[in-house]
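Report on the structure
What follows is each chain in one-letter form.
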Amino acid sequence: MATLLAPEDFSPGEDAMALNKAFEGWGTDEKTIIWILGHRNADQRKQIRLAYQEIYLEDLIKKLKYELSGDFERAVCHWILDPVEREAVLAYEAIIKNYRPDYRVILETALTKSAEELLTVKRTYQFLYKRSLEEDVASHTAGDMRKFLVAVVSVYRYEGEEIEEEVAHSEANILGDEIQGGGGSGGGCGGGALKGAEEIIRILSTRSKPQLLATFNYYKQIHGTSITKSLGGDPADEFSAALRAAIQCIKNPKRYLQKVVSHSMNRVGTEEDALSRVIVTRAEKDLKEMKDVYLEKTGRSLDDAVASETTGDYKAFLLTLLGNQDYF
Amino acid sequence: MDKRKKTTILVRREKKLNKEGEKIMTSPEECEALRTAFSGPHGVEEKSMLEILVKCNPADLTTFRKNSPGIFSDDECYFEKWDSSHMKFLENEFLRFQRAVIQRTMHPWERDALLVRKSLEEKPPLYNLLIELACTRTSEEFLGARKAFQCLYSESVEEFVAVRVEGFQRRLLVALASTYRYEGMRIDEAMIKLECQKLGRAIKIDKKNEIEKDDEVLRILTTRSKHYLKTIHKCYKESYDSNLEEDLDDIQILRDTVNCLCAPPIYFSKILDKAMSVGPTEQEIEALTRVIVTRTDVDMKDIAAEFNRKFGAPLIERIEAAALGNYRDFLVALVKRGMAN
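Residues numbered from 1 in each chain as written. Chains lettered and ligands numbered in written order. Predicted model: local features only at pLDDT ≥ 70, side-chain atom pairs only at ≥ 80, totals over all residues. Heavy atoms only, no water.

A look at the overall build of chain A
- Helices and strands together make up the secondary structure of chain A, namely 20 helices and zero strands.
- Against the globule reference of 20 Å for 328 residues, chain A gives a C-alpha radius of gyration of 22 Å, in line with a compact fold.
- Its C-alpha atoms give chain A principal-axis dimensions of roughly 65 × 45 × 40 Å.
- Relative to its full complement of 328 residues, chain A shows a buried share of 53%.
- Expressed as a percentage of contacts within chain A between residues at least 6 apart in sequence, the contacts between residues at least 24 apart total 70%.
- Approximately 14400 Å² of chain A is accessible, and the part contributed by carbon and sulfur atoms is 50%. (Helix = DSSP H or I, 4+ residues; strand = E, 2+ residues; numbered from the N terminus. Rg over C-alpha atoms; globule rule 2.2 N^0.38 Å. Buried < 20%, exposed > 50% of the residue type's maximum accessible area, 1.4 Å probe, protein only. Contact = heavy atoms within 4.5 Å. Areas by Shrake-Rupley, 256 points an atom, 1.4 Å probe, with all protein chains shown as cover.)

Here is the structure:
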């Protein structure tokens, strides 16, 4: 369920005018911006953008980029986008902006969606950037990481519930050979380099999700340990980390995203991009369930964690999206 | 089987008698026409069969059978037995028109999904067919085929292909089967020059047999848009004075990929020629139906022009000489329709 609180009655024209007033004069009235935009759903935000363009002949997003700054600006500018457009923009930024693509964002984009949803994101990406998502991922990555990410982003997965038990069993063995056959350890706790990657990439990037879940179960039965544990925890091995992230995301997307959020606040300093990304993209979907998972796994409410790890307007905005009314 | 000019000849003449004194209704020319009608390899001549067989009395049929050693033999039996392999052949030839009609009428997504399935279920597998489907259809058309495939077979094209091929072929074919290319005209000229150089280096300078290991060649061919690749093809020609697909000649699947992406009419006209030449395989013969039926609404004009240019004869003429009956008429009509569009 969504955490966003949005009124049914609203006037896009009035909102546009209120926003414009917030930009006027010295400084910016961030509280008004948070109060309005933080309480509007996707359709309403779209109407506000149109109204603003009509009245002031200016793109609201450009204006926000100019008036705001930092993590707050990035969060608001992502929030205001239409959800599909936002996914395309986040993917683009993850690939292009940094010196190295953020594989986690690419995996989230590809694996937390149905096949049709991913297709819509890819179409929007092509419309916005005049290139395909696949070609951009491919041209900014290399080696096994490239093969894996391009495959995962390209596939149009079968969405049926059927499972072929024999295939799941045999592929669990194949995965075991590739994962545990390397590094000479052969033990259950991996950590060594993968023997190969062809079959892992094939299986993870082509099989349907129910089929993969069955395969992971067989893996645990056969090898006595979960596949993610087998892949080891060497943080320097980015490819294995990507495989682990993909598997976790396939197994349980909500739990995976909760981990992303926890992780973003666990370090010295907070990884705001990751935190914003999850909250902004899920506030209208299932952030409520994620909050429950967060509480269950960490013993702390997500709202409290965000309140203590972030500051200022950025904090106020995130808490508003999390459904807090009384933050002003 | 000999190919002869197919015209039905109805000759009015006096009643003749054979050796046994029985009345014969047909002339030697009509016998010959009937033989041709049964001989394929591109369909059957229904008109001849209709006219001549009806005219025949039992004596004519005996004469016909005795004079068609390729079809009948009376070595072991006391009668002219129909050769069993010819019987099978003939059944197939009768079905050619039927298959063309079904292909034409079927939803293109279903048609292409069936062809994808066939491409890797045949022994030996038909990689060029899979490449043709993935590369000559638009992104939306091939996506539709992928959806239809899932509907028909309860699995994705990607898993189907990946599990049946290995190594370099897997990397190429799965990538081609799963790509959703940008179909627009926007290109980055600087990037094209750069990638053209990469291709040139990989093909011309590095060892040729290392191309399969070159990730960049694969990346460029399997992810870039068609317009982009056509422009690279041009750039390559200007820089290295040779055609990209010719330089990849050693690796058939790469050559087919480049042809299908950059110049489908050239690829298709070659297939048509092969289908109508001497000694094609059944798969090559079937390609005649497939290409005409699937391209009549797309680029038949270009294919016909290229065919004429390369093989020195209009496509329609070649089909009229090679094919028979309703099948021939159907194909010719589709070609004419495609050229008029």
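Considerations on the packing of aromatic side chains
- Counting across every chain of the model gives 17 aromatic pairs over all chains.
- Taken together, a centroid distance of 5.3 Å and an interplanar angle of 70° make the contact between B:Tyr267 and B:Phe268 edge-to-face.
- By relative accessible area, which is 4% here, B:Tyr267 ends up buried.
- Aromatic rings pair up to connect B:Phe38, B:Phe64, B:Phe72 and B:Trp82 into one cluster.
- A:Lys130 extends its terminal NZ or CZ atom over the ring of A:Phe127, reaching a point 4.9 Å from the ring centre.
- The cationic tip of B:Arg117 hangs over the ring face of B:Tyr153; the distance from NZ or CZ to the ring centre is 4.2 Å. (Phe/Tyr/Trp six-rings, centres within 6.5 Å; stacked < 30°, edge-to-face > 60°. Lys NZ or Arg CZ within 6 Å of the ring centre and 35° of its normal.)

Some remarks on the nonpolar core
- By size, the foremost hydrophobic cluster in this structure holds 95 residues, and its most contacted members are A:Leu64, A:Leu107, A:Phe148 and A:Val306.
- Broken down by element, the residue count for this core peaks at nine residues, all from helix 15 (residues 238-251) of chain A.
- B:Leu133, B:Phe149, B:Ile220 and B:Met276 belong to the second largest nonpolar core, which has 77 residues in total. (Core = buried A, V, L, I, M, F, W, Y, C linked by side-chain atoms within 4.5 Å.)

Some thoughts on the interface of chain B and chain A
- At the junction of the two partners, chain B supplies 27 residues and chain A supplies 29 residues.
- Overall, the association of chain B and chain A removes approximately 2500 Å² of surface from exposure, summing both partners, and the carbon and sulfur fraction of that is 51%.
- The largest share of the area that chain B buries against chain A comes from B:Glu159, B:Tyr180 and B:Tyr182, three residues that together contribute 24% of it.
- At the boundary of chain B and chain A, one finds six salt bridges.
- Between A:Glu199 and B:Arg170 there is a salt bridge, and its shortest N-O distance comes to 2.7 Å.
- At the junction of chain B with chain A, the criterion picks out 15 residue pairs in polar contact (both at pLDDT 80 or more).
- Residue assignment for the side of chain B that touches chain A shows that the elements contributing at least two residues are helix 7 (139-153), helix 8 (157-162), helix 9 (167-178) and helix 11 (215-223) of chain B.
- At five residues, the largest contribution of residues to the side of chain B that touches chain A is made by helix 7 of chain B.
- Residue composition of the side of chain B that touches chain A, by class: five nonpolar, seven polar and 15 charged. (Buried area = accessible area lost by both parts, 1.4 Å probe. Salt bridge = Lys/Arg side-chain N within 4 Å of Asp/Glu carboxyl O. Polar contact = N/O pair within 3.5 Å; in protein donor to acceptor, adjacent residues only side chain to side chain. Nonpolar A, V, L, I, M, F, W, Y, C, P; charged D, E, K, R; others polar.)

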